[in-house]
Amino acid sequence: MTEYTQIIVDKADGIATITLNRPEKMNAYTRIMGEEIIAAMDDIDADDAVRAVIFTGSGERAFCAGADLTPEGGGQVFSDPTQVDDLSDARVRDGGGLLTLRLFESKKPLISACNGVAVGVGATMQLAMDIRLASSTARYGFVFARRGIVPEAASSWFLPRIVGIQQALEWCYTGRIFDAEEARAGGLVRSLHAPADLLPAAHALAREIADNTSAISVAMTRAMMWRLAAADHPMEAHKIDSRAIYRLSRGGDAKEGIASFLEKRAPSYPGKVSADMPDFYPWWDARPYE
């Protein structure tokens, strides 16, 4: 997919920016938007020139105001309208979860620049991103209990890992809207910025990654941190650490990392995520929906 109707994708100098682009509806989430983000991520992961990805919303009011409750053509809002008896049927799958599972699989670091309201899936999609920055005007809400449903987008897995179980439960039990400072204090976001400074701060962070690090090292680190934090024993991390260091230490990126440090110059890493990941990657089996 090269043309998008509900997002804007911009690539420049090693940084991709995905902008949710339905400002007339406060960037409310639709099935089409989810499909377009997934397609954009497929393209970005295959593009070795892209080193980091920034997500933001169009306009000044919202990052994403949640699921579109008044979709064009009407119909079921939160799930597929088809009546099925088998809950393993793929049509049962939550669209927000399809998106966050794809973000979870990203080989590139993901940075959220939350520029306004982020409720429902507008908040939960950001949980699968690695670093979350917010405008001082941002507001968040895990509002599911106020809509008669439950947290979606695999947020019952992501949110407690980010903010702890007590904070996650309070925000989800009450379903209330809270401000950017509470989000920062609760550990949901890394830093707050004046609206005009938000995207520059996100770009500065992405630039630091793009200019100074090995793409292979970052892709491996992302997979290790997200997957091994849930392992039942540190031995599982030790196995992957050991294999990764053994393989990567013999590669071109490690040689360049050492040479550029000793020569006091900027690095130029030769490795490509598309072709040069270690031979044991991925070390996990894909999880089916069943």
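A few points on the structure. If you're wondering where the values come from, they're calculated on a predicted model, not measured in any experiment.

With that settled, the discussion passes to unusual backbone geometry. Following Tyr281, the chain continues into Pro282 via a peptide bond in cis, with omega recorded as -5°. Backbone geometry at Met26 places phi at a positive 55°, although glycine is not the residue there. Inspection of the secondary structure assignment puts Met26 in the loop between β2 (15-20) and α1 (31-45). The phi dihedral of Ala153 is positive, around 55°, even though this residue is not glycine.

The next thing to look at is the nonpolar core. Ranked by internal contacts, the top residues of the largest apolar core, which has 44 residues, are Phe55, Tyr140, Phe142 and Leu188. Of all the elements, α1 adds the most residues to this core, at 5 residues. Contact partners of Leu188, with chain neighbours within four places excluded, come to Leu127, Arg132, Tyr140, Phe142, Leu159, Ile162, Val163, Trp171, Phe178 and Ala183. Ala219, Met220, Ile240 and Phe280 belong to the second-largest nonpolar core, a separate cluster that totals 14 residues.

What follows is about the packing of aromatic side chains. What the rule picks out here adds up to 14 aromatic pairs. Ring-pair connections join several aromatic residues into one group, and the members of that group are Phe104, Trp157, Phe158 and Trp226. Looking at Arg227, its charged tip hangs above the ring of Trp284, at a distance of 3.5 Å from the centre. Lying over the aromatic face of Tyr246, Arg250 brings its terminal NZ or CZ to 3.8 Å of the ring centre.

Side chains on a regular strand alternate between the two faces of the sheet. In terms of residue burial, strand β3 (residues 52-57) counts as a mostly covered element, since 6 of its 6 residues are buried. Side chains of β3 alternate between two faces, with Ala52, Ile54 and Thr56 and Val53, Phe55 and Gly57 buried alike. Sheet topology note: the β2/β3 ladder contains 6 bridges and is parallel. Opposite Ile15, over in β3, you have Ala52 as the bridge partner.

Another aspect to go through is the packing of helix α8 (residues 215-228) against helix α9 (residues 234-248). Running from N to C, α8 and α9 cross one another at 170°; their axes reach a closest spacing of 11 Å. One finds that α8 runs roughly antiparallel with respect to α9. Within the contact between the two elements, α8 uses Ile216, Met220, Met224 and Leu228 and α9 uses Glu236, Ala237, Ile240, Asp241, Ala244 and Leu248. By residue class, the composition of the contact of α8 with α9 is 8 nonpolar, no polar and 2 charged.

About the criteria used
- Residues numbered from 1 in each chain as written.
- Predicted model: local features only at pLDDT ≥ 70, side-chain atom pairs only at ≥ 80, totals over all residues.
- Heavy atoms only, no water.
- Helix = DSSP H or I, 4+ residues; strand = E, 2+ residues; numbered from the N terminus.
- Core = buried A, V, L, I, M, F, W, Y, C linked by side-chain atoms within 4.5 Å.
- Buried < 20%, exposed > 50% of the residue type's maximum accessible area, 1.4 Å probe, protein only.
- Contact = heavy atoms within 4.5 Å.
- Phe/Tyr/Trp six-rings, centres within 6.5 Å; stacked < 30°, edge-to-face > 60°.
- Lys NZ or Arg CZ within 6 Å of the ring centre and 35° of its normal.
- Pairing = 2+ DSSP bridges.
- Axes fitted to C-alpha atoms, helices over the stretch in contact; angles between N-to-C directions.
- Parallel < 35°, antiparallel > 145°, perpendicular 65-115°, else oblique.
- Nonpolar A, V, L, I, M, F, W, Y, C, P; charged D, E, K, R; others polar.

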